[in-house]
Amino acid sequence: MSDRDLSEAGFETRAIHAGYAPDPTTGAVIPPIYATSTYAQDGVGGLRNGYEYSRSANPTRTALESTLAALEGGAHGFAFASGLAAEDTLIRALCRPGDHVVLPNDAYGGTFRLFDKVATAWGVEHSPAPVADLDAVRAAIRPGATKLVWLETPTNPLLAVGDIAALAEVAHDAGARLVVDNTFASSYLQQPLALGADIVVHSTTKYAGGHSDVVGGALVVDDAELAERIGFHQNAIGGVAGPFDAWLVLRGLKTLALRMERHCDNAERIVQFLAGHPSVAEVIYPGLADHPGHDVASRQMRRFGGMVSFRVTGGEEQALAVCAATRVFTLGESLGGVESLIEHPGRMTHASVAGTELEVPADLVRLSVGIESVEDLLPDLDRALGSVA
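Visitor: Could you give an account of the overall build of the protein, with specific residues and numbers?
Guide: Summing up its helical and strand segments, the protein has 14 helices and 12 strands in all. Once the C-alpha set of the protein is aligned to its principal axes, its extents read approximately 75 × 50 × 35 Å. The burial tally for the protein puts 53% of its 389 residues in the buried class. Sequence-distant contacts, at least 24 apart, represent 73% of the contacts inside the protein between residues at least 6 apart. On the protein, roughly 15,600 Å² of surface is accessible, and the fraction owed to carbon and sulfur atoms is 52%. Across the protein, 28 positive and 48 negative side-chain charges occur, with their mean positions spaced 3 Å apart.

Following this line, the structure appears as structure tokens:
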């Protein structure tokens, strides 16, 4: 298909065909893994299709970056060795000592650690604000100093929902850029650039890869000047995705739409079950009508995702016991794979925010709902909750 045809094609078609055309020599329909560090030149400076050294560019990575851009509706994609490598490159590309960033008050622990322990030492300051409160975000902005408003929606792990279009306006009015971490929603469920965001961030480890067998990250932008700055820093810093990792994420993206539908189907059944369980004090899911961000999520998301959090009635000890008692749900960090995971954020993914404004409730349990038979997932949770009731 031509680039024009693909730009007008549906998400599923772009996921399969964007970024790579069948090899003209062999007809291979899947991009090869270009396991090479360097490339023969046709004379000094005579690069073939721009390839010189695989830190700067690699054909497998190029295919992934083009596909990521197509799925986010952007013009420029960049693939990295991890989500945090993508975030660090973005910070260094767009911030300087003395600058300021507004973070979610419910941010991923690794993102908070990056700002609190690394960027702060470099002179970049940050302030937390609840993503669902436009006035609070506006108040956290420091005129002239705030360069980025950083948004997760839904947030990790409390699943708060920020209005991307409204927050883009708040950021732009202050001369700042809006960064949206789209990892929880995925490119299939949410399109931040179309809603006014400037930069989209992904941990491609999660739903993009989808099989818990690769670590990666991505940035997508539409603006050429932003792309030039990010591209320079990507090459200068060097935290790029290797060719095999890029190939694995490409493979995962081809089934992203199908997987996300099943993740959402299963999550909705589990939410319904948890909402009526006597050992569950609160279920947190944007698809619930009483979730504070439900209306916004309904406008800006295709569906409500595969992430579910809940609080138990018996406090932290009960939360830990539930996490230890499941058999189908695997106790582990990360999310977005085909298998269902359960974790205790306070002791695991968000231990780095303990004692800060971002500290999460001790009785909180987070689920990454996989694509197994929901008829196996529901009894597993029932058994775990019942064993400690």
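From this point, things continue past the structure.
Visitor: Describe helix α10 (residues 243–253), with residues and values.
Guide: Given 3.6 residues per turn, any residue in an α-helix points the same way as the ones three and four places further on. Listing the buried residues of α10 in full gives Ala246, Leu248, Val249, Leu250, Gly252 and Leu253. Of the surrounding elements, those touching the buried residues of α10 are α2 (11–17), α3 (59–72) and α11 (256–275).

Visitor: How would you sum up the nonpolar core? Please name residues and give values.
Guide: In terms of nonpolar packing, the biggest core is built from 64 residues, with Leu64, Leu253, Ile270, Leu274, Val308, Phe310 and Leu367 touching the most fellow members. In terms of residue count, α11 provides more of this core than any other element does, eight residues in total. Residues in contact with Leu367, not counting those within four places in the same chain, are Ile270, Leu274, Gly306, Met307, Val308, Phe310, Phe329, Leu341, Ile342 and Leu381. Counting 25 residues, the second-largest nonpolar core is a separate cluster that includes Ala86, Ala119, Ile199 and Ala227.

Visitor: With reference to specific residues and values, describe empty space enclosed by the protein.
Guide: Counting across every chain of the model gives five cavities of 30 Å³ or more. Looking at the largest cavity, its volume works out to about 60 Å³. Contributing to the lining of the largest cavity are Leu68, Asn182, Thr183, Ser186, Ser187, His202, Ser203, Tyr207, Ala208, Leu253 and Leu256. Counted by class, the lining of the largest cavity contains five nonpolar, six polar and no charged residues.

Visitor: Give me the lowdown on the pattern of salt bridges, citing residues and values where you can.
Guide: Across all of its chains, the model carries 18 salt bridges by this definition. Among the ionic pairs, Glu125 bridges to Arg142, the shortest N-O distance being 2.4 Å. One end of the pair, Glu125, is in strand β3 (residues 125–129); the other, Arg142, is in the loop between α6 (134–140) and β4 (146–152), with 17 residues separating them in the sequence. For Glu125, a relative accessible area of 40% corresponds to the partly exposed category.

Visitor: Before we move on, can you summarise the sheet that holds strand β2 (residues 100–104) with the specific residues and values?
Guide: Taken in spatial order, the seven strands line up as β1-β7-β6-β5-β4-β2-β3 in an open sheet, and their pairing is mixed. Two strands lie at the open edges of the sheet, namely β1 (76–80) and β3, each paired on one side alone. Within this sheet the neighbouring strands show an average axis-to-axis angle of 20°, counted without direction. Sheet topology note: the strand β6 (residues 199–202)/strand β7 (residues 217–221) ladder contains four bridges and is antiparallel. For His202, the partnering residue across the bridge sits in β7 and is Ala218. Seen against the sheet, helix α7 (residues 164–173) touches β4 and β5 (177–181) and runs at an angle of roughly 145° to β5.

Visitor: Tell me about the packing of aromatic side chains, and name the residues and values.
Guide: With the rule as written, the count across this model stands at five aromatic pairs. Aromatic pair Phe11 and Tyr188: ring centres 5.3 Å apart, planes at 65°, arrangement edge-to-face. Of this pair, Phe11 sits in helix α2 while Tyr188 sits in helix α8 (residues 186–189), and the two are 177 residues apart along the sequence. Per residue, the accessibility class of Phe11 equals that of Tyr188, and both read buried.

Basis of the calculations
- Residues numbered from 1 in each chain as written.
- Predicted model: local features only at pLDDT ≥ 70, side-chain atom pairs only at ≥ 80, totals over all residues.
- Heavy atoms only, no water.
- Helix = DSSP H or I, 4+ residues; strand = E, 2+ residues; numbered from the N terminus.
- Buried < 20%, exposed > 50% of the residue type's maximum accessible area, 1.4 Å probe, protein only.
- Contact = heavy atoms within 4.5 Å.
- Areas by Shrake-Rupley, 256 points an atom, 1.4 Å probe, with all protein chains shown as cover.
- Lys, Arg positive; Asp, Glu negative; His and termini not counted.
- Charge placed at Lys NZ, Arg CZ, Asp CG, Glu CD.
- Core = buried A, V, L, I, M, F, W, Y, C linked by side-chain atoms within 4.5 Å.
- 1 Å grid on protein atoms, 1.4 Å probe; cavity = no way out; pocket = protein on both sides within 12 Å on 5 of 7 lines; lining within 4 Å.
- Points joined across faces, edges and corners; volume = space filled by probe spheres on them.
- Nonpolar A, V, L, I, M, F, W, Y, C, P; charged D, E, K, R; others polar.
- Salt bridge = Lys/Arg side-chain N within 4 Å of Asp/Glu carboxyl O.
- Pairing = 2+ DSSP bridges.
- Axes fitted to C-alpha atoms, helices over the stretch in contact; angles between N-to-C directions.
- Phe/Tyr/Trp six-rings, centres within 6.5 Å; stacked < 30°, edge-to-face > 60°.

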